[in-house]
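# Structural description and commentary
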Amino acid sequence: MPDISPNATAFPQMAPIAGVRLANYAAGIRYKGRDDVMVVELAPGSTVAGVFTQSAMPGQPVIWCQQCLPHGTVRAIVVNSGNANVFTGAAGWQVCESTAATAARLFGCGANEIYLASTGVIGEPPPIDRISDALPAIVPLLDAASWEKAARAIMTTDTFPKGATATAEIAGTAVRINGFCKGSGMIAPNMATMLGYILTDASLPAAVLQKLLTDAAEVSFNSMTVDGDTSTSDTVLLCATQQAKHAAIADAGDARLAGFRQALLAVMVDLARQLAKDGEGAQKFVTIDVSGAESDRAARAIGLAIGNSPLVKTALAAGDANWGRIVMAVGKSGEKADRNRLGIAVGGIQIAADGGPVPDYREGPVAEHMKGGEIHIAVDIGIGSGKATVWTCDLTHGYVDINGAYRT
C-alpha cells in the first residue's frame, strides 16, 4: 500500500445516526489480510437518492442501482473493493442478483431495496458467490459505531479513509449527516464521482433528497479532479432514515431546509477536498478559484481544464512557477475568454493582468509558495460574473508507479 498522503485528513469522530448500522468483513475477493466488504443497514422506510457515472461503460452495480432508484427506498447497501464488476457480462450481473437476493432475505425486504457498488480491477469476472456467501456472517457484526472501519473496507489505492460529519436543524429539530467515501485515482467526475455514502436521520422524501444531492454534487464532487479519467463505477448515495421527528417537507426549495442544505454541502465539499488530497502519488493539494467567466458553468470548465492539464500538474509537482501553462489551459478549455483581460495570481501574488505579466513581477515568492503542500491559483477571466472553485492535486512519478503496478 502507498505511503499515507502528506495531506491526509484524520477521520472524524462520528456520532451514531438513528436507523443506521454498519459492518466490515474480509471476504477475500482480491486482497489478503484486510476487509473488502462493507454493509450499511438502514431502517425500514429509509429513502434514497443517487448520482452515478455518466460513462458509456458503467459497471453492473451502477446499472443495478439505477434500476432500483425509482422505487425510492433502501434497506441495505453492500459494497466490495478489489473487483469493480465492470465489463463482466452475464457473470457480473449474476453476482448482483445473487448478492441482492441474499441481502434481501437477510433484511426482510425486496431486492430493489438493496443497493450495490464495487470498486477495483475492471474486466475480471468477480467470484460468483464470494460476497453473498459472506453476508450471513456480516449481518451479526452490524453496529452503530463502525464508520471508519466501513470507510476503510472500500478503499483501493486510497492512503487514508475519508469521512465528514455535520449537524443541522429542520423546522427546529436537530438532524445529523455523516458521510464517507473512497477514491484516489480515475477521478474526473461527471454527475458523480468515486463511491460515496451520505446518511442522515432526516425525514425527507426521495424526490427532495434527489434535488438536494444533485445540486450539491455540482459544486463539490463534480468540481474536483485527480487525473481526468471518469470511473466506470462512480456512485454517490444520499439516504435518510426518517427517524428525526420534524415537520413534513415536500419541496427541496422549502426555506426550512436552508440549514440542512448548507450542512449537506459542507459534508460533500469536505469529502471532495479529501479526494483531491489523496490523489494517487500526490504530494500537493491545489485549489483553483476562477472568477469573471461567462457563467458559473464556464468557470468550472476552465477550472477543470487547469486542474486536468498534465503540464500544469507536473509544474506544480516540481514547484515550477511556469504560469504560462495556466494561460494555455484557459485557452484550451473551449470557454469564452479574452487574453487582454485575463488575470492570474498564485499564492495571492498577482502574476499577470491585462494580457501580460504585471510590472515588476518577481518569480521568487511564487516559487516559494509552490514548494508548499497547499497551492492556491486564482484566475480572473474578466468578461462576466461566473465563478467556481475546483480542487485538484499535482502529478508525480508516484502516479505512474501506482498505476503501473495496479494489477500486481
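For the structure itself, consult the block above.
These notes cover the structure that comes with them. As the structure is a prediction and not an experimental result, all values here were calculated from the model. (Residues numbered from 1 in each chain as written. Predicted model: local features only at pLDDT ≥ 70, side-chain atom pairs only at ≥ 80, totals over all residues. Heavy atoms only, no water.)

### Re the overall build of the protein
Here is the rule we go by: Segments assigned H or I by DSSP are reported as helices when at least four residues long, segments assigned E as strands when at least two residues long, and all are numbered from the N terminus. Throughout, the radius of gyration refers to the C-alpha atoms, and the reference size of a globule is 2.2 Å times the residue count to the power 0.38. Throughout this description, buried means an accessible area under 20% of the type-specific maximum (1.4 Å probe, protein chains only), exposed means over 50%, and partly exposed covers the range between. Only heavy atoms enter the contact rule, under which two residues are in contact if any of them lie within 4.5 Å. With residues, only the protein chains shown are counted as cover, and all accessible areas are computed by Shrake-Rupley using a 1.4 Å probe. Positive charges come from Lys and Arg, negative ones from Asp and Glu, while His and the chain ends are left out of the count. The atoms used to mark charge sites are NZ of Lys, CZ of Arg, CG of Asp and CD of Glu.
When its secondary structure is counted, the protein shows 11 helices and 15 strands. Expected size for 408 residues packed as a compact globule is a radius of gyration near 22 Å; at 22 Å, the protein falls within 12% of this value. Taking the principal axes of its C-alpha atoms as reference, the protein extends roughly 70 × 50 × 35 Å. Within the protein, the proportion of its 408 residues that are buried is 55%. A sequence separation of at least 24 residues applies to 82% of the contacts in the protein between residues at least 6 apart. If you sum the accessible surface of the protein, you get close to 15,800 Å²; carbon and sulfur atoms cover 52% of it. Looking at charge distribution, the protein has the averaged site of its 31 positive side-chain charges lying 1 Å from that of its 38 negative ones.

### Description of the sheet that holds strand β1 (residues 20–25)
Where we set the bar: Strands pair, by our definition, only if DSSP identifies at least two bridges between them. Axes, fitted as lines to C-alpha atoms, cover a helix only where it is in contact. Angles between the N-to-C directions of the axes lie from 0 to 180 degrees.
What the four strands build is an open sheet, ordered β1-β2-β4-β5; its pairing is mixed. The open sheet terminates on both sides in strands that have one partner only, identified here as β1 and β5 (114–121). Across the sheet, the axes of successive neighbouring strands diverge by a mean angle of 10°, strand direction being ignored. Relative to strand β2 (residues 37–42), β1 runs antiparallel, the two sharing six bridges. Along β2, the bridge assignment pairs L22 with V40.

### Examining the environment of A49
Turning to its location among the elements, A49 is positioned in strand β3 (residues 47–52). Here the alpha-carbon distance between A49 and D234, two residues 185 residues apart in the chain, equals 14 Å.

### Some thoughts on helix α3 (residues 130–138)
Our working definition: Each C-beta atom gives one direction from the helix axis, and the arc is the one those directions make.
Restricting attention to buried positions, one finds in α3 the residues I131, S132, A134, L135 and I138. The arc that holds the buried residues of α3, viewed along the axis, is 160°, so those residues lie on one side. Lining the buried residues of α3 we find β1, β2, β4 (76–83) and α2 (89–107).

### Brief notes about the nonpolar core
How we decide: In this text, buried Ala, Val, Leu, Ile, Met, Phe, Trp, Tyr and Cys residues form a nonpolar core when linked through side-chain atoms within 4.5 Å.
In terms of nonpolar packing, the biggest core is built from 52 residues, with I77, I114, F180 and Y197 touching the most fellow members. Ranked by residues supplied to this core, first place goes to α2 with six residues. Leaving out residues up to four positions away in the same chain, I114 has contacts with W64, C68, A76, V78, A100, A103, A104, F107 and C109.

### Some points on the sheet that holds strand β8 (residues 195–200)
Pairing is mixed in the open sheet, where five strands are placed in the order β3-β9-β8-β7-β6. Whereas interior strands pair on both sides, the edge strands pair on one side only; in this sheet they are β3 and β6 (162–170). Within this sheet the neighbouring strands show an average axis-to-axis angle of 15°, counted without direction. With six bridges connecting them, β3 and strand β9 (residues 235–240) associate as antiparallel partners. Looking at the pairing, F52 lines up with T235 of β9. Against the sheet, helix α6 (residues 258–277) engages β6, β7 (173–182), β8 and β9, with an angle of about 170° to β6.

### A closer look at the packing of helix α7 (residues 296–308) against helix α9 (residues 324–332)
Under the convention used in this document: Throughout, the term roughly parallel applies to angles under 35 degrees, roughly antiparallel to angles over 145, roughly perpendicular to angles from 65 to 115, and oblique to all others. Handedness of a crossing is defined here by the sense of rotation of the near helix relative to the far one, left-handed for an anticlockwise turn of less than a right angle and right-handed for a clockwise turn. Polar here means any residue other than Ala, Val, Leu, Ile, Met, Phe, Trp, Tyr, Cys and Pro, which are nonpolar, and Asp, Glu, Lys and Arg, which are charged; Gly is therefore polar.
Viewed as axis vectors pointing N to C, α7 and α9 meet at an angle of 130°, and their least axial separation amounts to 8 Å. One element, α7, and the other, α9, form an angle in the oblique class. Crossing handedness for the pair α7 and α9: right-handed. Listed contacts from α9 to I302, A305 and I306 of α7 are I326, A329, V330 and K332. Among the residues making up the contact of α7 with α9, the classes are represented as six nonpolar, no polar and one charged.

### Details of unusual backbone geometry
Positive phi, close to 50°, is recorded for N85, a residue that is not glycine. According to the relative accessible area criterion, N85 is buried, its value standing at 2%. Here A171, not a glycine, exhibits a phi torsion of approximately 50°, which is positive.

### Comments concerning the packing of helix α8 (residues 310–318) against α9
Remark: α8 packs on α9, axes separated minimally by 9 Å, with the N-to-C direction vectors making an angle of 155°. Our classification of the angle between α8 and α9 gives roughly antiparallel. Between α8 and α9 lies a crossing of left-handed hand. On the side of α8, the interface is formed by L311, V312, T314 and A315, while α9 contributes R325, I326, M328 and A329. Residues belonging to the contact of α8 with α9 are distributed by class as follows: six nonpolar, one polar and one charged.

### Brief notes about the pattern of salt bridges
What counts here: Should a side-chain nitrogen of Lys or Arg be within 4 Å of a carboxyl oxygen of Asp or Glu, the pair is scored as a salt bridge.
Per the stated rule, a full pass over the model turns up 12 salt bridges. A salt bridge links E41 to R21; the nearest nitrogen and oxygen atoms lie 2.7 Å apart. A residue pair is termed long-range when its members are at least 10 positions apart, and E41 in strand β2 and R21 in strand β1 qualify at 20 residues. When the shortest N-O distance is used, the salt bridge between K211 and D215 registers 3.3 Å. With K211 and D215 both in helix α5 (residues 206–218) and four residues apart, the pair spans about one turn of that helix.

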